[in-house]
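Residues per chain are reported as follows:
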Amino acid sequence: MDVLVHAQAHLRIGLLSGNVRPLHTRVPQRRAAPMTVEEKCRRPVGLARVDRNTCQFPNGGECTSCVAACPWEAVMVAGDGFDSHIQVDSERCTGCGACEAVCPVRPSRAIVVNPPIQADRFHN
Ligand code: SF4
Ligand code: SF4
């Protein structure tokens, strides 16, 4: 307690005598560059990835829930015939998670959003 009182007294004296500058003038002021709402929404926080082994679409199911749920049209049906599958466009995906939320596969969803550091942006 004594230490605190001493420190406060020193600070007061310093401020009064002009030897100590107020804290807000010493901390560097850093501000994020201004962004539009559109830019904020488009800033990727992750990347969705489809597990073709568990996804219902290429395995006889008719599910395309993730395609319908994606607000950025980043999930699509690719290929044809036996090769048709769900694919994520890594340039469009923001990692919002809407696709993962609607995927009916359990216990682990067939489409999962990975953090950017784990996301392999070229192999979906
Ligand atoms: S994480 Fe969002 S943007 Fe990316 S594919 Fe899923 S729904 Fe679309
Ligand atoms: S919602 Fe899940 S099961 Fe359905 S198509 Fe997408 S990844 Fe496959």
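This write-up is about the structure you can find in this document. From a predicted model like this one, the values you see are computed outputs, not experimental measurements.

This next bit is on the overall build of the protein chain. Scanning the protein chain for helices and strands turns up 5 helices and 4 strands. For the protein chain, buried positions account for 16% of its 124 residues. For the protein chain, long-range pairs separated by at least 24 residues make up 64% of all intrachain contacts whose partners lie at least 6 apart in sequence.

Moving on: unusual backbone geometry. Of the consecutive residues R106 and P107, the connecting peptide bond is found in the cis state with omega at 0 degrees. Inspection of the secondary structure puts P107 in the loop between α5 (98-102) and β4 (111-114). For E73, which is not a glycine, the phi torsion comes out positive at approximately 50 degrees. Topologically, E73 is positioned in the loop between α4 (65-69) and β2 (75-78).

Where β2 meets strand β3 (residues 85-88), 4 bridges bridge the pair, whose relative direction is antiparallel. Within the sheet, the bridge partner assigned to V77 lies in β3 and is I86.

With that out of the way, let us pick up the site of ligand 1. In the vicinity of ligand 1, 15 residues are found, and the nearest of them are C70, C93, C96, A98 and C99. Class assignment of the residues belonging to the shell around ligand 1 gives a composition of 12 nonpolar, 3 polar and no charged.

Now for the site of ligand 2. The immediate surroundings of ligand 2 are formed by 14 residues, with C55, C63, C66, C103 and I111 found nearest. Its residues placed into classes, the shell around ligand 2 shows 11 nonpolar, 3 polar and no charged.

Now for the nonpolar core. If you look at the biggest cluster of nonpolar residues, it comprises 16 residues, and the most contacted ones within it are A48, C66, C70, V75, V88, C99 and I111. For this core, the secondary structure elements donating two or more residues are β1 (47-50), β3, α5 and β4. When residues in this core are grouped by element, the largest group, 3 residues, is from β1. What V75 contacts, discounting residues up to four positions off in sequence, is A48, C66, V67, C70, I86, V88 and C99.

Quick look at the pairing of β1 now. Here β1 shows no split at all, with L47 and R49 on one side and A48 and V50 on the other all buried. In this sheet, β4 lies alongside β1 in antiparallel orientation, the contact comprising 4 bridges. Among the inter-strand pairings, L47 is bridged to a residue of β4, identified as N114.

Relative to the elements of secondary structure, A48 occurs in strand β1. Of the residues examined, A48 has 28 C-beta atoms within 10 Å and is grouped as buried. Along the backbone, A48 and C99 are 51 residues apart, and their C-alpha atoms lie at a distance of 8.0 Å. Setting aside residues up to four positions removed in sequence, A48 forms contacts with V75, V88, C93, G95, C99, E100, I111, V112 and V113.

Within the secondary structure, G79 is located in the loop between β2 and β3. In contact with G79, not counting residues within four places along its chain, are S84 and H85.

How each quantity is defined
Residues numbered from 1 in each chain as written. Chains lettered and ligands numbered in written order. Predicted model: local features only at pLDDT ≥ 70, side-chain atom pairs only at ≥ 80, totals over all residues. Helix = DSSP H or I, 4+ residues; strand = E, 2+ residues; numbered from the N terminus. Buried ≥ 20, exposed ≤ 12 C-beta atoms within 10 Å, placed from the backbone. Contact = placed C-beta atoms within 7 Å. Pairing = 2+ DSSP bridges. Near = placed C-beta within 6 Å. Nonpolar A, V, L, I, M, F, W, Y, C, P; charged D, E, K, R; others polar. Core = buried A, V, L, I, M, F, W, Y, C linked by C-beta atoms within 7 Å.

So, to be careful, I would describe these as geometric facts and stop short of saying anything about function.
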